Amino acid sequence: MDYNLREDIKYTASHEWVRVDGDIGVVGITSYAQHQLGDIVFIELPNIGLVLEKGSNVAEIESVKAVGDLQMPVSGEIIEVNKALEGTPEMVNSSPFDDGWILKIKIKHSDELGTLLSIEEYKKIIESEGH
Amino acid sequence: MISINGVEIITESKKTPLYDAHINLGAKMVDFAGFFMPVQYESIIKEHNAVRTNAGIFDISHMGEFLLEGEDIFPFLQFVMINDLNLLEPSKGQYSCMCYENGTVVDDLVYYEETPQRFRMIVNASNVEKDFKWLNNHIGDWNVKITDLSYQRARIAFQGPKADELLQTIVDTDLSEINRFYFRHCKLNDLPIFIARTGYTGEKGFELSMDNEYASTVWNSLMELGAKPAGLGARDSLRLEASYSLYGHEINDKITPIEAGLFWLVKPKEGIDYIGKEVLLEQKSKGTNRTLVGLSLIDRGIIRQDYKIYKDGNEIGFVTSGGFSPTLQKTIGLGLIKKEFKEIDTEIQIEIRDKLLKGLVSSTPFFRNV
């Protein structure tokens, strides 16, 4: 199956993506993840200014049938959330890598970026999940 | 990152006769009550809306089907069921519960009277073995024989405002003559089929039962009519809007039908003893300490089963079912709470991941079109 993966972004094994620009990262969930969740109906967004470690739960993504956690791909401070998702959470289904971005972080330790996955590494993760 | 409400695929799961049809349609399959079942095909919301506006088909072959035969079905079922069989007649079905002595629920089910000596019964998938044993354990000296047809027959629900018009084009009986809860044995494109005007979606429609060998032909015929395949996800969101009880949620072996608001099911049946009668009639006349209510949220969020409900800091109950209503575009739910807070519009709080969100007690059903 084609999950429209992008070359210009990095991935995590827990199905987040991050687009890095200097010390700022834009974070969302992958097309594979939104497909697994199904119709997304609510996203509980974090407060601006919150500082979280890599791997911490930062947002809850509720679909009709399931709940998914968004985890911090790297440590950092929340500097912006996608307010448009409050009214149209389904944008995460329709445009997971663009309009459906979830939050922006100020990256705390740039050396953590090396732990993120390339498109090829992430493809292997999806394939190993058998889909 | 994803857990589908604790549902995991178990390799020993059973397949319904429509398993290949679901796979070919690209369904997302999950284990449900020991069966590989489609939770959705393309989108729960689209499937839900198709049933509300046109017609949808559901594979419900995971549910159990028993055939009861014998001279004593009437007294036997009067003893194990809480509803009154005097309200039944040949060609009609009846919704009922089997209860334990303490009034809590063994299962909720529908039985159809084909003749006074032959009944068909449809039970919940998760309770097939328990029900079969429970029924057999109470036959005693009555002349009743129960055959489990669950794995020989398939079941399909065909639901939606267009269900009548569409189904009429391929059956050899006048569907307008079948009233709600009545049924007929007839032919669908020359295949023998059982058609009942029953359902679990809050829409008009039918539930069909047929031999396994006809299942995929019937399924394809209904798809050709324009019915959209719908999975367990839509089945649950539709029944929650319609506020129908689901075993394991609103009713179970710790909740009685009276607590779940099913007052009308508990019949006096004067002069007839039935299991749970004493407790249930007392609850019906005196009330219970807790009662099932509708829930809606003032704050934004989604409520799910087992979330705790509070009033001014005190825990008063729990959510039995909750979710997003595609029809009403808002969060809805059902919950079992202390009776003193049951009035409509009582403000309550529901705990979601360590936060208390504001909500209201709401009237039910949230939506029904039957």
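Residues numbered from 1 in each chain as written. Chains lettered and ligands numbered in written order. Predicted model: local features only at pLDDT ≥ 70, side-chain atom pairs only at ≥ 80, totals over all residues. Heavy atoms only, no water.

Now for the state of the cysteines. Residues and elements named next belong to chain B. This structure, assessed with the given rule, holds zero disulfides over all chains. The thiol of Cys 97 is not disulfide-bonded; the next cysteine sulfur, from Cys 99, is found 5.3 Å away. On the basis of relative accessible area, Cys 97 is assigned to the buried category, the value being 0%. (Disulfide = S-S within 2.5 Å. Buried < 20%, exposed > 50% of the residue type's maximum accessible area, 1.4 Å probe, protein only.)

All names here are of chain B. As far as domains go, chain B holds domain 1 (14-60 + 152-241), domain 2 (64-148) and domain 3 (289-370). Between domain 1 and domain 3, the C-alpha centre-to-centre distance is 30 Å. Each partner contributes residues to the interface: domain 1 has eleven residues there, and domain 3 has 17 residues. Both faces considered, domain 1 and domain 3 share a buried interface measuring about 1100 Å² in area, 59% of it formed by carbon and sulfur atoms. Among the residues of domain 1 in contact with domain 3, Gly 202, Leu 240 and Glu 241 are the three that bury the most area, contributing 52% of the side total. On the surface where domain 1 and domain 3 come into contact, there are zero salt bridges. (Domains from an automatic or database assignment. Contact = heavy atoms within 4.5 Å. Buried area = accessible area lost by both parts, 1.4 Å probe. Salt bridge = Lys/Arg side-chain N within 4 Å of Asp/Glu carboxyl O.)

Quick reminder: α-helices carry 3.6 residues per turn. Residues three or four places apart thus point the same way. All names here are of chain B. For helix 6 (residues 215-224), the full list of buried residues reads Ala 215, Val 218, Trp 219, Ser 221 and Leu 222. End-on view of helix 6: buried residues confined to an arc of 160°, all on one side of the axis. Gly 226 occupies a position one or two residues after helix 6 and carries a positive phi of about 110°. (Helix = DSSP H or I, 4+ residues; strand = E, 2+ residues; numbered from the N terminus. Arc of directions from axis to C-beta.)

Side-chain positions along a regular strand alternate between the two faces of the sheet. All names here are of chain B. Burial of strand 13 (residues 191-196) is extensive: five of the six residues sit out of reach of the surface. In this sheet, strand 13 lies alongside strand 12 (residues 183-188) in antiparallel orientation, the contact comprising six bridges. In the sheet register, Phe 183 faces strand 13, and the bridge partner there is Ala 196. In sequence, strand 12 turns back onto strand 13 through a hairpin of two residues, with Asn 189 there showing a positive phi of about 45°. Pairing of strand 13 with strand 14 (residues 205-211) involves three bridges; the strand directions are antiparallel. The residue bridging Phe 194 from the neighbouring strand is Ser 209, located in strand 14. (Pairing = 2+ DSSP bridges.)

Next up on the list: the sheet that holds strand 4 (residues 35-40) of chain B. Either a parallel or an antiparallel arrangement is found when strands of a sheet pair, and the pairing is made through backbone hydrogen bonds. Residue and element names in this part refer to chain B. Spatial strand order, 2-4-3: three strands in an open sheet with mixed pairing. Looking at strand neighbours, the two that pair on one side only are strand 2 (14-15) and strand 3 (28-32), the edges of this open sheet. One ladder, built from five bridges, connects strand 3 with strand 4; its direction is antiparallel. Across the sheet, Phe 32 pairs through a bridge with Phe 35, a residue of strand 4. Sheet strands in contact with helix 7 (residues 232-242) are strand 3 and strand 4, and its direction is about 65° off that of strand 4. (Axes fitted to C-alpha atoms, helices over the stretch in contact; angles between N-to-C directions.)

All right, on to the interface of chain B and chain A then. Taken together, the contact between chain B and chain A spans 21 residues of the former and 24 residues of the latter. Both sides of the chain B and chain A interface together cover about 2100 Å² of buried area, and 54% of this is carbon and sulfur. Along the contact surface separating chain B from chain A lie six salt bridges. Counting across the chain B and chain A interface gives 13 residue pairs in polar contact (both at pLDDT 80 or more). (Polar contact = N/O pair within 3.5 Å; in protein donor to acceptor, adjacent residues only side chain to side chain.)

Take the nonpolar core next. Ranked by size, the top nonpolar core spans 42 residues in total, and within it B:Phe58, B:Ile82, B:Tyr112 and B:Ile251 carry the most contacts. Elements with a minimum of two residues in this core: strand 4 (40-44) of chain A together with helix 2 (44-53), strand 7 (92-99), strand 8 (105-115), strand 13, helix 7 and strand 19 (330-338) of chain B. Excluding residues within four positions of it along the chain, B:Ile82 makes contact with B:Ser96, B:Cys97, B:Cys99, B:Pro257, B:Leu265, B:Val266, B:Lys267, B:Lys269, B:Tyr274, B:Ile275 and B:Leu280. Membership of the second largest hydrophobic core comes to 33 residues, among which are B:Ile57, B:Ile170, B:Leu188 and B:Leu191. (Core = buried A, V, L, I, M, F, W, Y, C linked by side-chain atoms within 4.5 Å.)

So, about the packing of aromatic side chains. In this description, a pair of aromatic rings is defined by centroid distance and the angle of the planes. A full pass over the atoms with the stated rule returns 14 aromatic pairs over all chains. Centre to centre, the rings of A:Trp17 and A:Phe97 are 6.0 Å apart; their planes meet at 50°, and the pair counts as tilted. Of the two residues, A:Trp17 is situated in strand 2 (residues 16-21) and A:Phe97 in the loop between helix 3 (91-94) and strand 9 (103-107); the sequence distance between them amounts to 80 residues. Aromatic ring contacts, followed pair by pair, group B:Phe76, B:Phe79 and B:Trp142 into a single cluster. Here B:Lys14 stacks its cationic end above the ring of B:Phe35, 5.1 Å away from the centre of that ring. (Phe/Tyr/Trp six-rings, centres within 6.5 Å; stacked < 30°, edge-to-face > 60°. Lys NZ or Arg CZ within 6 Å of the ring centre and 35° of its normal.)

Turning next to unusual backbone geometry. Residue and element names in this part refer to chain B. Going from Thr 364 to Pro 365, the amide bond is cis rather than trans, its omega being -5°. Within the fold, Pro 365 resides in the segment after strand 21 (355-362). The backbone of Asp 190 sits at a positive phi, close to 75°, despite the residue not being glycine. Within the element layout of this structure, Asp 190 appears in the loop between strand 12 and strand 13.

A few words now on the environment of B:Val279. Residues and elements named next belong to chain B. Note on placement: Val 279 falls in helix 8 (residues 277-286). In the structure, Val 279 is positioned 177 residues away from Asn 102 in sequence and 6.1 Å away in space, judged by C-alpha atoms. Those residues in contact with Val 279, other than ones at most four positions away along the chain, are Glu 101, Asn 102 and Gly 103.

Looking now at helix 4 (residues 128-137) of chain B. Residue and element names in this part refer to chain B. Among the residues making up helix 4, those that are buried are Val 128, Asp 131, Trp 134 and Leu 135. For helix 4, the angular spread of the buried residues around the axis is 130°, confining them to a single face. Exposed side of helix 4, more than 90 degrees from the buried face: Glu 129, Lys 133 and Asn 137 are the residues found there. Of the surrounding secondary structure, the elements contacted by the buried residues of helix 4 are strand 6 (64-69), helix 3 (73-80), strand 7, strand 8, strand 9 (118-123) and strand 10 (145-148).

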